[in-house]
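# Coordinates in review
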Amino acid sequence: MANELLIFTGNAHPFLAEAISKILKIPLGDIWVSRFSEGEIRVKVNENVRGKDVFLIQPTCPPPNENMMELLIIIDAIRRASARRITAVLPYFGYARQDRKDQPRVPITAKLVANLITVAGADRILTIDLHAGQIQGFFDIPVDHLFAVKVFVDYLKEMKFRDLVVVSPDVGGIKMARAYAKRLSAGLAIVDKRRISPEETEVMHILGEVKDKNVVIVDDLIATGGSLIEAAIVLKEAGAKRIFGAVTHPVLSGDAVQKIGNSPIEKLFVTDTIPLTQEKRHPKICVLTIAPLLAEAIKRIHQEESVSSLFD
Ligand code: R5P
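Below is a summary of the structure that appears in this document. Keep in mind the model is a prediction, meaning the values are calculated, not measured.

### Some points on the overall build of the protein chain
Along its length, the protein chain carries 8 helices and 14 strands. What you see for the protein chain is a C-alpha radius of gyration of 20 Å, in line with the 20 Å of a compact globule of 312 residues. Here the protein chain holds 312 residues, and the buried ones make up 53% of them. At a minimum sequence separation of 6, the contacts of the protein chain that also span at least 24 residues come to 63%. Summed over its atoms, the accessible surface of the protein chain is roughly 14,700 Å², and 52% of this surface lies on carbon and sulfur atoms.

This is how it looks when you write it as structure tokens:
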């Protein structure tokens with residue numbers, strides 16, 4: 001396998017790439033990703049990739065535009081160096097929230113970005129917990145869409161909660177919350193959230209029973225923290241006992257970390273699809289790794305095996 005499979009990374013998340021390379025026992029590919037003096041991205045692949053099955057690990061997390069451009073330019077370099085196949089491994093797919101024209105004269109940026117990645121030369125996509133499953137259809141190349149649910153559920157099961165209720169912070173997250181509730185044999189509740197603007201929400205009602213229950217709010221991403229924290233406050237007011245969050249992608253923009261610190265959330269579980277820089281660390285935030293899941297998927301894709309059992 002080591003002869004054919006190569007793993008490269010840009011500057012988005014080298015720690016995750018390193019963890020995956022250790023699991024697969026394949027050293028990271030030799031690549032140089034730097035900047036020209038004015039900031040343009042400069043790439044050189046320092047080893048032969050001709051005929052190889054290349055996996056490029058690069059979440060398009062903050063800074064999204066830098067990481068996205070690196071992704072495109074590295075794909076271009078690898079494609080022009082005659083790799084047999086290039087899989088863009090996007091543990092976090094940024095720009096996914098702009099996935100429809102919900103107002104006049106706005107872009108569908110998720111589709112634009114999918115086009116850019118494809119045109120650059122990616123043959124496949126491997127990703128986790130897309131903001132909406134339908135985004136797979138924005139790509140005209142195969143997409144393997146994994147879920148972090150198993151990683152969280154294995155951990156939450158060990159905590160042996162009684163009276164557990166899984167809560168979706170909005171109606172759009174019901175499917176995800178149901179998947180958690182089923183695996184945890186827990187109840188299900190929904191916070192009926194209304195979005196006032198892209199970065200502002202207002203909580204309306206709770207659908208389901210949360211009084212005297214331990215609750216875990218599940219979501220695909222946390223950015224400003226508004227959705228999660230407002231949900232936590234309303235759940236507390238409704239009599240929930242202990243409140244936890246399980247969120248796949250810790251974007252954590254602005255003062256989100258500080259707000260979590262001051263919120264009724266006891267612990268926020270996130271994954272390492274996005275690196276947690278020093279200023280984003282907090283005793284309440286616990287990181288679970290998705291490196292073994294991605295490593296297994298990469299191995300199976302390379303060996304042309306089914307990845308569907310990873311969804312169980
Ligand atoms: C919304 O549809 C998403 O699933 C998240 O709930 C939302 O994007 C999180 O953003 P924020 O943390 O800024 O409320």
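### Here's the deal with the pairing of strand S13 (residues 267-271)
Across the 5 residues of S13, 4 count as buried, placing the element largely inside the fold. Both strand S12 (residues 243-250) and S13 contribute to a ladder of 4 bridges, which runs parallel. Paired with Phe 244 across the bridge in S13 is Lys 267. At this point the chain moves from S12, through helix H7 (residues 256-261), to the parallel S13, and the crossover so formed is right-handed. Examined bridge by bridge, S13 and strand S14 (residues 285-288) share 4 bridges and lie parallel to one another. Along S14, the bridge assignment pairs Thr 271 with Leu 288.

### Let's talk about the state of the cysteines
All chains considered together, the criterion is met by 0 disulfides. Free of any disulfide, Cys 286 has its nearest neighbouring cysteine sulfur in Cys 61, separated by 19 Å.

### Points about the packing of aromatic side chains
Summed over the entire model, instances satisfying the criterion amount to 5 aromatic pairs. Between Phe 161 and Phe 244 the ring centres are 4.7 Å apart and the planes differ by 45°, which places this aromatic pair in the tilted class. Here Phe 161 is found in the loop between helix H4 (149-158) and strand S8 (164-168), whereas its partner Phe 244 is found in strand S12, with 83 residues between them in sequence. One aromatic cluster is present, built from ring pairs that chain together Tyr 155, Phe 161, Phe 244 and Phe 269.

### Observations regarding the packing of H4 against helix H5 (residues 174-184)
The interhelical angle for the contact between H4 and H5, taken along N-to-C directions, is 40°, at an axis separation of 10 Å. The angle between H4 and H5 places the two elements in the oblique class. You can see that H4 and H5 cross each other, and the crossing is right-handed. Each of Val 149, Phe 152, Val 153, Leu 156 and Lys 157 in H4 lies in contact with H5, whose residues at this interface are Ala 179, Tyr 180, Arg 183 and Leu 184.

Cut-offs used in this document
- Residues numbered from 1 in each chain as written.
- Predicted model: local features only at pLDDT ≥ 70, side-chain atom pairs only at ≥ 80, totals over all residues.
- Heavy atoms only, no water.
- Helix = DSSP H or I, 4+ residues; strand = E, 2+ residues; numbered from the N terminus.
- Rg over C-alpha atoms; globule rule 2.2 N^0.38 Å.
- Buried < 20%, exposed > 50% of the residue type's maximum accessible area, 1.4 Å probe, protein only.
- Contact = heavy atoms within 4.5 Å.
- Areas by Shrake-Rupley, 256 points an atom, 1.4 Å probe, with all protein chains shown as cover.
- Pairing = 2+ DSSP bridges.
- Right-handed = clockwise from strand over helix to strand, strands pointing away.
- Disulfide = S-S within 2.5 Å.
- Phe/Tyr/Trp six-rings, centres within 6.5 Å; stacked < 30°, edge-to-face > 60°.
- Axes fitted to C-alpha atoms, helices over the stretch in contact; angles between N-to-C directions.
- Parallel < 35°, antiparallel > 145°, perpendicular 65-115°, else oblique.
- Left-handed = near helix turned anticlockwise from the far one by under 90°.

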